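Given next are the chains, with one letter for each unit.
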Amino acid sequence: MTVVLGIESSCDETGVGIVRLGSDGGLELLADEVASSVEQHARFGGVVPEVASRAHLEAMIPTMKRALAGAGIELSDVDAVAVTCGPGLAGALLVGVSAAKAYAAALNVPLYGVNHLAGHVAADTLQHGALPSPCLALLVSGGHTQLLRVDDLAGKITEIGSTIDDAAGEAYDKVARVLGLPYPGGPPIDQAAARGDRCAIAFPRGLTGPRDARYDFSFSGLKTAVARWVEARERDGEEVPLDDVAASFQEAVADVLTAKAIRAADDLGIGTMVISGGVAANSRLSALAAERCAAAGLELRVPRPRLCTDNGAMIAALGAHLVAAGTTSSAFDLSADPALPVGTVSV
Ligand code: KG4
Ligand code: ZN
């Protein structure tokens, strides 16, 4: 049995997760502690990189202590350390990478610098077990919106499509601002949408014309359409039906994401779809995906919301898959790579 520690610091959550890899290759989640600096960014409407780095520095050791105590283990029980080395905010990543190096060196255990995006996909294996090969991953977060073909979590991940402008989560955050809802915008829009009519307003579905890229996404036009619609009502002195706007916006996002993901799975002959990343916590996205996957005969896997948003457990899980696959560990001169491509699962 191997105990893997995972450290995540790519954005505004300091995550420390601990996973036990069994001799049968199964994963057991021992701890998943997250300290978020989201409240410090809320008044700016988005993450402020310097504030995030400082918060990681302050939260790292307390979060580590909580994770070890929760798992009921000592640092000396750790057999390997995995850390997000990209993509993400440079200064924020550096805090996690430096901490991981220090722990791995002090404990004399291997260090794995891993890809945050592959980590989001790996999160699902903590809840639903090993992924079938191949599977299609729809990764939807604040910074990324991608369709990935996953042949092997420990090595072969290929991008099929991605957003050409805003990420899905970014669109949620920007629309929330237009509607006067707090940051991050996903949860309050999700709640408002539950009270609204998703057919009330026909917002545009980006890149869905017959000549548009089959697997790429665009959410910038949708965001602008929502802003224009709201502005027009305000200009005329009319009340903005916030719940209906939220529900109609959310429907446009969920419709395009699920339609394109199912089209890709169909074209590639893939039978399983995994949705992960912060926006996977969205209630309408998972409901519509379930409906459409069932109709298309696809297996759908969506991890619980806590595993969808940024956390250290997903990084520990990916580290454990690398250990199980016998992947060479990282050198100690490992550096953070803010633009690490999704195809590079470990460095
Ligand atoms: O994966 P994540 O925690 O961090 C990044 O790697 O970006 O994703 C954060 C994003 C934010 O944009 C947030 O608004 C969105 O996930 N989000 C949601 C929901 N919960 C979080 N979007 C829609 N519905 C939700 N329930
Ligand atoms: Zn993320």
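Caption draft 1: Structural view of the site of ligand 1. Taken together, 20 residues sit near ligand 1, with Gly142, Asp173, Gly186, Gly278 and Asn282 positioned nearest. At a separation of 3.4 Å, an oxygen atom of ligand 1 approaches a polar backbone atom of glycine 143. At a separation of 3.1 Å, an oxygen atom of ligand 1 approaches a polar backbone atom of aspartate 310. Burial of ligand 1 by the protein amounts to 89% of the accessible area it has alone, namely 550 Å².

Caption draft 2: Structural context of the domain arrangement of the protein chain. When cut into domains, the protein chain gives domain 1 (2-123 + 311-324) and domain 2 (135-303). Taken together, the contacts link 17 residues of domain 1 with 15 residues of domain 2. Each partner contributes to the roughly 1,300 Å² buried at the junction of domain 1 and domain 2, and carbon and sulfur atoms together form 75% of this total. Three residues stand out in domain 1 for area buried against domain 2, namely Leu117, His120 and Val121, and they jointly supply 43% of the buried area on that side. Where domain 1 meets domain 2, there are zero salt bridges. Put simply, domain 1 and domain 2 have one residue pair in polar contact (both at pLDDT 80 or more) between them. Broken down by secondary-structure element, the contributors of at least two residues to the side of domain 1 that touches domain 2 are helix H1 (38-42), helix H4 (116-128) and helix H11 (313-325). Considering every element that reaches the side of domain 1 that touches domain 2, the biggest residue donor is H4, with five residues. For the side of domain 1 that touches domain 2, the class distribution of residues is 11 nonpolar, five polar and one charged.

Thresholds, definitions, all that
- Residues numbered from 1 in each chain as written.
- Chains lettered and ligands numbered in written order.
- Predicted model: local features only at pLDDT ≥ 70, side-chain atom pairs only at ≥ 80, totals over all residues.
- Heavy atoms only, no water.
- Near = heavy atom within 4 Å.
- Polar contact = N/O pair within 3.5 Å; in protein donor to acceptor, adjacent residues only side chain to side chain.
- Areas by Shrake-Rupley, 256 points an atom, 1.4 Å probe, with all protein chains shown as cover.
- Domains from an automatic or database assignment.
- Contact = heavy atoms within 4.5 Å.
- Buried area = accessible area lost by both parts, 1.4 Å probe.
- Salt bridge = Lys/Arg side-chain N within 4 Å of Asp/Glu carboxyl O.
- Helix = DSSP H or I, 4+ residues; strand = E, 2+ residues; numbered from the N terminus.
- Nonpolar A, V, L, I, M, F, W, Y, C, P; charged D, E, K, R; others polar.

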